[in-house]
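Working through the structure, step by step
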Amino acid sequence: MNKLEAQNVNVYYGANKVINDISISIKPNSVTAFIGPSGCGKSTFLRLFNRMNDYIDIFKMEGKVEIDGKNIYDKNIRVEELRKQIGMVFQKPNPFPKSIYENIVYGLRIQGIKDKNILDETVEKSLKQAALWEEVKDKLKNSALALSGGQQQRLCIARTLAVEPTVILMDEPASALDPISSAKVEELIYELKNNYTIVIVTHNMQQAARVSDTTAFFYMGELIEHDATKLIFTNPKNERTQNYVTGRFG
Amino acid sequence: MSHLDIELKQLKADTIKMWTLVNLQLVKAKESLLNLDKDLARQVILSEKRVNASELKLDLDCENIFALFNPVAVDLRFVLAVLKINSNLERTGDIAESIAKFAINVNNNFDLKLLEITRIVEMFEAAIKMMDEVMEAFDKENTLIARKIFQQDELLDEINNKANTIVADYIRNHTENIEPALYLLSVIRKLERVGDQSKNMAEEIIFYIEAKVLKHRSDSIKNKK
């Protein structure tokens, strides 16, 4: 069964239609890259999967968005529960102004978990998964804001992993990072694929080519082509995709 | 035009320049051998250095484009095709040079009858025509022209397949002409290789334009668009 599925989705901001009849299926334990020029709707579409657009007053949606076969826009879906399952990492690292430790356990404390052993274990496990443990294990009580940009981003990924989601949405997770930190985040995405379904929005096409199994090209609110990344970057079927990936757009 | 477009355009122009040089080498090799023009043969041998230099330059240009521009899709296929065509051209250049070396080594004029029965002139002309047309296919990005190359190669194969018997019969009856007859047989083998190089290049052109891999496929499949 597909992990994520969208069927005939339209999204409006007021009278403005920003997503036009998009359907897509995403397999479990895969990395899917969303690419396309600014304003093509890829971030809006990504945010449908954890209902982040709900905060926008003029947002309106039609169609179906499913996770594990369940429509997440059903009335009886609890958004808080949904977001435990769907983690999100943003472009700019956004750690809380708290210690490294408290950043990781934040979600667990909200869930009411107080057992120190469980919290400690989760901190170690999440930081190890995010390839940050070795760098911070002796300074867990230090402020997260003292970490470098790249470390902060991996901390945010660790914070996401701590609540054990099954899907991770990433909106330009490495675009504010230097090449070394960016490469670490890419390696991490590659590792995490074994246990999570990852969807990543990126403007960096080489990054999309390196980390993803499938790539979806969006243009003016439409999904132009979704195929194996290898095909998108060697022999795309649609001319607009070819023009975009070869840099001959517009 | 983007920076990458300018680089790709230049790469294409340089490839055609090398191609023109190699085709000319083949024409001169033919003239030098059939007329035993040793001066012309020496020119071919000297110009082979230019072919080799062009090969190194094209290799380096492709390497730089890969490293600096990360080409994808049709651009990637184009640079990959040029890289392989470059090797095919260099080998064809080697063949022209080795034919020119024969022209220097042969002492007596070829027996006209031998030239006629081996159909070597016809073979030379067919090989040169194939090289010209495959270059035209590359220049015009035309896969219809590229596909014609596969049929044309059949003539070279036919002449090559009959050559052993024809030359052996000739040698039995003309023991005084064994050496030139053997040289001609070698040239026929080499021209057959020119046909193969042209076919390889035609396959690369179709790969670059249509994203179809025709290597190791039967000719009937290759001819289908």
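Structure shown above.
Side note on the overall build of chain B
- Regarding its fold elements, chain B presents eight helices and zero strands.
- What you see in chain B, going N to C, is helices and strands ordered as α-α-α-α-α-α-α-α.
- Taken along the three principal axes of its C-alpha coordinates, chain B extends 65 × 40 × 20 Å.
- Among the 225 residues that make up chain B, the fraction classed as buried is 53%.
- Summarising the internal contacts of chain B: among those between residues at least 6 apart in sequence, 83% fall at separations of at least 24.
- Where the 32 positive side-chain charges of chain B centre and where its 37 negative ones centre are 3 Å apart.

Description of the packing of helix α1 (residues 3-34) of chain B against helix α5 (residues 120-140) of chain B
All names here are of chain B.
- At a minimum axis distance of 10 Å, the contact between α1 and α5 shows a crossing angle of 170°. Compared by their axis directions, α1 and α5 come out roughly antiparallel. Residue-level inspection shows Lys 12, Thr 15, Ile 16, Trp 19, Thr 20, Val 22, Asn 23, Leu 26, Val 27, Lys 30, Leu 33 and Leu 34 of α1 in contact with α5, the latter providing Ile 120, Val 121, Phe 124, Glu 125, Ile 128, Met 131, Asp 132, Val 134, Met 135, Phe 138 and Asp 139.
- Counted by class, the contact of α1 with α5 contains 15 nonpolar, three polar and five charged residues.

As for helix α4 (residues 116-129) of chain A
All names here are of chain A.
- In this model, α4 (14 residues) spans 20 Å end to end at C-alpha, consistent with the 20 Å of a helix rising 1.5 Å per residue.
- Listing the buried residues of α4 in full gives Leu 119, Thr 122, Val 123, Ser 126 and Leu 127. Mapping the buried residues of α4 onto a view down its axis gives an arc of 115°, with all of them on the same face. For α4, exposure combined with an orientation more than 90 degrees from the buried face picks out Asn 117 and Glu 121.
- Along its buried surface, α4 packs onto α3 (100-110), α5 (133-136) and α6 (149-162).
- Put simply, Asp 115 is the residue that caps the front of α4, since its side-chain oxygen is 2.8 Å from the backbone nitrogen of Asn 117.
- Ala 131 occupies a position one or two residues after α4 and carries a positive phi of about 55°.

Section: the sheet that holds strand β6 (residues 86-89) of chain A
Residue and element names in this part refer to chain A.
- Read from one edge to the other, the open sheet built from six strands follows the order β6-β7-β8-β3-β9-β10, with strand pairing classed as mixed. Pairing within the sheet leaves two strands with one partner each, and these edge strands are β6 and β10 (222-228). Strand after strand, the sheet turns through a mean of 15° between neighbouring axes, direction not considered.
- The pairing of β6 with strand β7 (residues 167-171) spans four bridges and is classified as parallel. Counted as the bridge partner of Gly 87 is Ile 168 from β7.
- Strand contacts of α6: β6 and β7, with the helix running at about 170° to β6, the strand carrying the most contacts.
- Contacts from helix α7 (residues 179-192) reach β3 (31-35), β7 and β8 (197-201) within the one sheet, and its direction differs from that of β8 by about 150°.

Quick word on the interface of chain A and chain B
- Counting from both sides, the interface comprises nine residues of chain A and, opposite them, ten residues of chain B.
- Summing both partners gives a buried area of about 810 Å² for chain A against chain B, and 48% of it is carried by carbon and sulfur.
- The interface formed by chain A and chain B includes two salt bridges.
- Counting every contact that joins chain A to chain B gives four residue pairs in polar contact (both at pLDDT 80 or more).
- At the level of elements, α9 (229-234) and α10 (239-245) of chain A are the ones that each hand at least two residues to the side of chain A that touches chain B.
- Each residue belonging to the side of chain A that touches chain B can be placed in one class, and the counts come to three nonpolar, five polar and one charged.

Structural notes on the pairing of β8 of chain A
All names here are of chain A.
- Most of β8 is tucked away: five of the five residues are buried.
- The side-chain alternation of β8 yields two buried faces, one formed by Thr 197, Val 199 and Val 201 and the other by Ile 198 and Ile 200.
- In terms of strand pairing, β7 meets β8 through five bridges, oriented parallel. Each bridged residue has a counterpart across the sheet, and for Met 170 the counterpart in β8 is Ile 200.
- In this view, the connection linking β7 to its parallel neighbour β8 by way of α7 has right-handed handedness.

Cut-offs applied
- Residues numbered from 1 in each chain as written.
- Chains lettered and ligands numbered in written order.
- Predicted model: local features only at pLDDT ≥ 70, side-chain atom pairs only at ≥ 80, totals over all residues.
- Heavy atoms only, no water.
- Helix = DSSP H or I, 4+ residues; strand = E, 2+ residues; numbered from the N terminus.
- Buried < 20%, exposed > 50% of the residue type's maximum accessible area, 1.4 Å probe, protein only.
- Contact = heavy atoms within 4.5 Å.
- Lys, Arg positive; Asp, Glu negative; His and termini not counted.
- Charge placed at Lys NZ, Arg CZ, Asp CG, Glu CD.
- Axes fitted to C-alpha atoms, helices over the stretch in contact; angles between N-to-C directions.
- Parallel < 35°, antiparallel > 145°, perpendicular 65-115°, else oblique.
- Nonpolar A, V, L, I, M, F, W, Y, C, P; charged D, E, K, R; others polar.
- Expected span 1.5 Å × (residues − 1).
- Arc of directions from axis to C-beta.
- Polar contact = N/O pair within 3.5 Å; in protein donor to acceptor, adjacent residues only side chain to side chain.
- Pairing = 2+ DSSP bridges.
- Buried area = accessible area lost by both parts, 1.4 Å probe.
- Salt bridge = Lys/Arg side-chain N within 4 Å of Asp/Glu carboxyl O.
- Right-handed = clockwise from strand over helix to strand, strands pointing away.

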